[in-house]
Amino acid sequence: MSASSVLVGALALNAALVPIYRVYRLMKGGPIVDVVGGAILGATLALLALGTAADWTWARWGALFYALLFAIVVMPLWTLAVLIPLRPRTPDYVFTVGYWLSLVVIAVAAVAA
């Protein structure tokens with residue numbers, strides 16, 4: 001399996017799971033703005049996945065930027081400001097750990113592709 005295939009798969013998985021998780025959080029009392037942001041992020045990730053599949057170099061750089069930005073800035077802030085105060089349950093922990101791991105996979109695959 002090539003690094004590009006791994007990158008496309010990881011981006012596509014995140015593109016699907018982020019909005020689904022945001023809707024789950026909405027049903028538990030989360031803000032609607034999270035759902036809107038998740039949908040926008042999902043569409044952006046889908047575009048990056050399609051661009052990577054089409055072998056557009058800028059898409060790999062965009063994927064690397066996304067992975068680094070979210071791993072270094074967004075996820076630590078989200079964990080402290082959103083996840084912990086919302087009294088997380090098992091699905092929250094599963095999503096958070098899976099998301100962190102997917103960011104690592106995306107970053108490594110983007111560099112290797």
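What counts as what
- Residues numbered from 1 in each chain as written.
- Predicted model: local features only at pLDDT ≥ 70, side-chain atom pairs only at ≥ 80, totals over all residues.
- Heavy atoms only, no water.
- Helix = DSSP H or I, 4+ residues; strand = E, 2+ residues; numbered from the N terminus.
- Rg over C-alpha atoms; globule rule 2.2 N^0.38 Å.
- Contact = heavy atoms within 4.5 Å.
- Areas by Shrake-Rupley, 256 points an atom, 1.4 Å probe, with all protein chains shown as cover.
- Phe/Tyr/Trp six-rings, centres within 6.5 Å; stacked < 30°, edge-to-face > 60°.
- Buried < 20%, exposed > 50% of the residue type's maximum accessible area, 1.4 Å probe, protein only.

> Quick question: what am I supposed to make of the overall build of the chain here?
Counting its secondary structure elements, the chain contains four helices and zero strands. Listing each helix as α and each strand as β along the chain from the N terminus yields α-α-α-α. Here the chain has a C-alpha radius of gyration of 14 Å; the compact-globule value for 113 residues is 13 Å, and the two agree. Each principal axis of the C-alpha atoms in the chain carries an extent, and together these give about 40 × 20 × 20 Å. Taking as baseline every contact in the chain between residues at least 6 positions apart, the subset at least 24 positions apart corresponds to 73%. Looking at the chain as shown, the accessible area adds up to about 6400 Å², and 78% of this sits on carbon and sulfur atoms.

> Any chance you could explain the packing of aromatic side chains here in plain terms?
For any pair of aromatic rings, the description rests on two quantities: the centre-to-centre distance and the angle between the ring planes. Inspection of the entire model under this criterion finds eight aromatic pairs. Between the aromatic rings of Tyr21 and Trp78, the centroid separation amounts to 6.2 Å while the plane-to-plane angle is 70 degrees, which identifies the pairing as edge-to-face. In this pair, Tyr21 sits in helix 1 (residues 3-27) while Trp78 sits in helix 3 (residues 57-83), placing the two residues 57 residues apart along the sequence. Grouping residues by exposure puts Tyr21 and Trp78 together as buried. Relative to Phe70, the ring of Tyr66 has its centre 4.9 Å away and its plane inclined at 50 degrees; by these criteria the two rings are tilted. Here the residue Tyr66 and the residue Phe70 both occupy positions in helix 3, the gap between them amounting to four residues, near one helical turn.

> What is the right way to read the environment of Ala10 from this model?
Structurally, the position occupied by Ala10 is in helix 1. Every residue in contact with Ala10, bar those within four places of it in the chain, is listed here: Val105 and Ile106.

> Can you walk me through the environment of Arg87 in this structure?
One can find Arg87 in the loop between helix 3 and helix 4 (90-112). Relative accessible area serves as the criterion here: at 71%, Arg87 is assigned to the exposed category. Sequence separation between Arg87 and Ala39 is 48 residues; the distance between their C-alpha atoms is 23 Å.

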